[in-house]
Amino acid sequence: MNRPTWFFAGLFVIALILWQLSPSDKQQQIGTREASKPSFIAEQLYSVSFAEDGQPRYRIYAEQMAYFEQLKNTEFTKPKILVYPAPHQPVWQIDADQATVQQQQLVTLNDNVVIKNLSRGEYIRDLITEKLDIDLQTETMSSDQPVTVYGPSYELYGVGMNGDLANEIVTLLNDIEAVYHNPQQ
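About the thresholds
- Residues numbered from 1 in each chain as written.
- Predicted model: local features only at pLDDT ≥ 70, side-chain atom pairs only at ≥ 80, totals over all residues.
- Heavy atoms only, no water.
- Phe/Tyr/Trp six-rings, centres within 6.5 Å; stacked < 30°, edge-to-face > 60°.
- Helix = DSSP H or I, 4+ residues; strand = E, 2+ residues; numbered from the N terminus.
- Buried < 20%, exposed > 50% of the residue type's maximum accessible area, 1.4 Å probe, protein only.
- Polar contact = N/O pair within 3.5 Å; in protein donor to acceptor, adjacent residues only side chain to side chain.
- Contact = heavy atoms within 4.5 Å.

Colleague: Mind showing me how you'd approach the packing of aromatic side chains here?
Modeller: A ring pair, where both rings are aromatic, is described by two values, the distance of the centres and the angle of the planes. Going through the model one piece at a time under the given rule, you end up with two aromatic pairs. Between Tyr-46 and Tyr-61 the ring centres are 4.9 Å apart and the planes differ by 40 degrees, which places this aromatic pair in the tilted class. Residue Tyr-46 is located in strand 1 (residues 40–50), and its partner Tyr-61 is located in strand 2 (residues 56–68); the two are separated by 15 residues in the primary sequence. A residue is classified by how much of its surface remains accessible, and Tyr-61, at 29% relative accessible area, is partly exposed. With 6.4 Å between their ring centres and 45 degrees between their planes, Tyr-154 and Tyr-180 make a pair best called tilted. Here the residue Tyr-154 occupies a position in strand 10 (residues 154–164), and Tyr-180 occupies one in strand 11 (residues 169–180), the gap between them amounting to 26 residues. By relative accessible area, which is 61% here, Tyr-180 ends up exposed.

Colleague: What is the right way to look at the side chain of Arg-59 in this model?
Modeller: Here Arg-59 is to be found in strand 2. Of note is the side chain of Arg-59, whose polar atom sits 2.3 Å from the side chain of Tyr-46. With sequence-adjacent residues up to four places away left out, Arg-59 is seen in contact with Tyr-46, Ser-47, Val-48, Lys-80, Ile-81, Leu-82 and Tyr-84.

Here you go:
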């Protein structure tokens, strides 16, 4: 073999070695698949979080929960959250089709999100949106999606919302429309 043939053969061997040492798509797919597999799954979940004084802060129910250790988040199917800003009596019930919890306090609810005010005679009865973010530590909520608020004699429509669960305050942010109902007496 002449000198140029040896040179190209050497380049071919080096390229082959480098190709074998580089991470393959298959290895990357396995890593991605492992991260997308839950560490464990629970069915018919019920969980209670307590405040320092021993009173419940919130309860979570779900048809299914999947915990992803590598992603450090938890996914819920058909979650229901009861929030207790005051002792002994839940004030808010929040239902959705899906939810994701990060850092055990930041909850993102998606699809058919319904927030019910369980207090009697309150100004806000129900809120409906497609996406809602809740910080369970500060008991605040927000959404950048269209929101519908139902009260005893009105309906409000807007885009975007901020809310304080403890003080039962909800603020619509943009494009607000109101419909007031005057019941016949």
